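# Coordinates in review
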Amino acid sequence: MPQPDIKAMQIQLTGFLDKDTPTFCKDLWKLLLSAQASPQGVPKELLEAKKMELMQEKVGVGSELCC
């Protein structure tokens with residue numbers, strides 16, 4: 001399986017993302033490495049963010065019912 005070439009991706013995305021390209025590529029690379037290390041193939045950061053979102057929704061629904 002070929003390895004992704006982050007430098008080539010950054011060059012290709014520059015026209016679309018302009019000055020935000022390096023930051024985007026850095027964040028993307030971190031997520032790709034995290035997904036690769038995860039047994040589910042999903043970045044740990046995304047799983048944690050989803051857990052927090054669900055907890056916030058649960059808290060929000062609970063507070064709506066009490067008042």
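As the structure is a prediction and not an experimental result, all values here were calculated from the model. Sequence order as written defines residue numbering, which begins from 1 separately in each chain. Totals for whole chains, interfaces and linings use all residues, but because this is a predicted model, local features are given only for residues with pLDDT of at least 70 and pairs of side-chain atoms are given and counted only at 80 or more. For side-chain calculations, the full set of non-hydrogen atoms in the structure is used, while hydrogens and water are omitted.

## Re the overall build of the chain
Summing up its helical and strand segments, the chain has three helices and zero strands in all. Helices and strands appear in the chain in the N-to-C order α-α-α. Exposed residues in this analysis have more than 50% of their type's maximum accessible area, buried residues have under 20%, and partly exposed residues fall in between, with area computed by a 1.4 Å probe over protein chains only. The proportion of buried residues among the 67 residues of the chain is 9%. Method for areas: the Shrake-Rupley scheme with a 1.4 Å probe, in which residue coverage is limited to the protein chains shown. Element-wise, carbon and sulfur atoms account for 64% of the exposed surface of the chain, whose accessible area totals about 5,900 Å². A run of H or I in DSSP counts as a helix once it spans at least four residues, and a run of E counts as a strand once it spans at least two, with each numbered from the N terminus.

## Thoughts on helix 1 (residues 6–17)
We define a polar contact as two N or O atoms separated by no more than 3.5 Å, with the added condition that, inside protein, one atom must be a possible hydrogen donor and the other a possible acceptor, whereas residues neighbouring each other in sequence contribute only through side-chain atom pairs. With a side-chain oxygen lying 3.2 Å from the backbone nitrogen of K7, the N-terminal cap of helix 1 falls on D5. Just downstream of helix 1, D18 is the residue with a positive phi angle, here 55 degrees.

## A word on the environment of V42
Relative to the helices and strands, V42 is located in the loop between helix 2 (21–37) and helix 3 (44–66). Spatially, the C-alpha atoms of V42 and L31 are 8.5 Å apart, while their sequence positions differ by 11 residues. Contacts are assigned to residue pairs with any non-hydrogen atoms lying within 4.5 Å of each other. Once residues within four sequence positions are removed from consideration, V42 is found in contact with A35 and L47.

## Looking at the side chain of T21
Counting through the fold element by element, T21 comes out in helix 2. Accessibility expressed as a relative area gives 1% for T21, which makes it buried. A polar side-chain atom of T21 sits 2.8 Å from the main-chain carbonyl oxygen of D18. If we skip the residues at most four places from it in the chain, T21 touches Q10, L13 and T14.

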